[in-house]
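# What the coordinates show
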Amino acid sequence: INSSHTMEIFSDDIQFNVGSFLEPNDLGRLALTSKTNWSIVEEVARRIVSSSTTQTEQEQTYLSRFDGESWVKRYHELKLFRTPLEFDQLIGSTIQHVNNDTAQVRLDDEIGEE
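How each quantity is defined
Residues numbered from 1 in each chain as written. Predicted model: local features only at pLDDT ≥ 70, side-chain atom pairs only at ≥ 80, totals over all residues. Heavy atoms only, no water. Helix = DSSP H or I, 4+ residues; strand = E, 2+ residues; numbered from the N terminus. Buried < 20%, exposed > 50% of the residue type's maximum accessible area, 1.4 Å probe, protein only. Polar contact = N/O pair within 3.5 Å; in protein donor to acceptor, adjacent residues only side chain to side chain. Axes fitted to C-alpha atoms, helices over the stretch in contact; angles between N-to-C directions. Parallel < 35°, antiparallel > 145°, perpendicular 65-115°, else oblique. Left-handed = near helix turned anticlockwise from the far one by under 90°. Contact = heavy atoms within 4.5 Å. Nonpolar A, V, L, I, M, F, W, Y, C, P; charged D, E, K, R; others polar.

## Some details on the side chain of Asn37
Relative to the assigned elements, Asn37 resides in helix 3 (residues 35–50). Under the relative-accessibility criterion, Asn37 is labelled buried at 2%. Among the polar contacts made by the side chain of Asn37, one reaches the side chain of Thr33 at a distance of 2.6 Å.

Below, the structure written as structure tokens:
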């Protein structure tokens, strides 16, 4: 079997199920292996994005900015949009995390005055 066409031996449903476990970057790598795989990967990404029944109105508006882009790009953007914002590194003596939650910070003037 030609290694670039190994995905073709599986039904569309199996390809979708396997592809749905891949992150967008991994789907992109798979797409680069052959033109046939590109078509398969685009369909997998389209199904993932289209089947996101939990998409909020804000997510739908955000994703509409990418009309004309590949479905893999849209899937990547959807994953990024859903990733929580975190402040890993804080600079300054008066800024700190709230309850050790890296998604929340507060400015505390009294910390630097001691």
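## Notes on the packing of helix 1 (residues 12–19) against helix 3
Between two packed helices, the angle of one axis relative to the other and the distance separating the axes together describe the packing. One can describe the packing of helix 1 onto helix 3 by two numbers: an axis separation of 9 Å at closest approach and a directional angle of 70 degrees. Here helix 1 is positioned roughly perpendicular relative to helix 3, judged by the angle of their axes. Read as a crossing pair, helix 1 and helix 3 show a hand that is right-handed. For the pair helix 1 and helix 3, contact is made by Asp12, Asp13, Gln15, Phe16 and Gly19 and by Ile40, Val44, Arg47 and Ile48, respectively. Classifying every residue of the contact of helix 1 with helix 3 gives four nonpolar, two polar and three charged.

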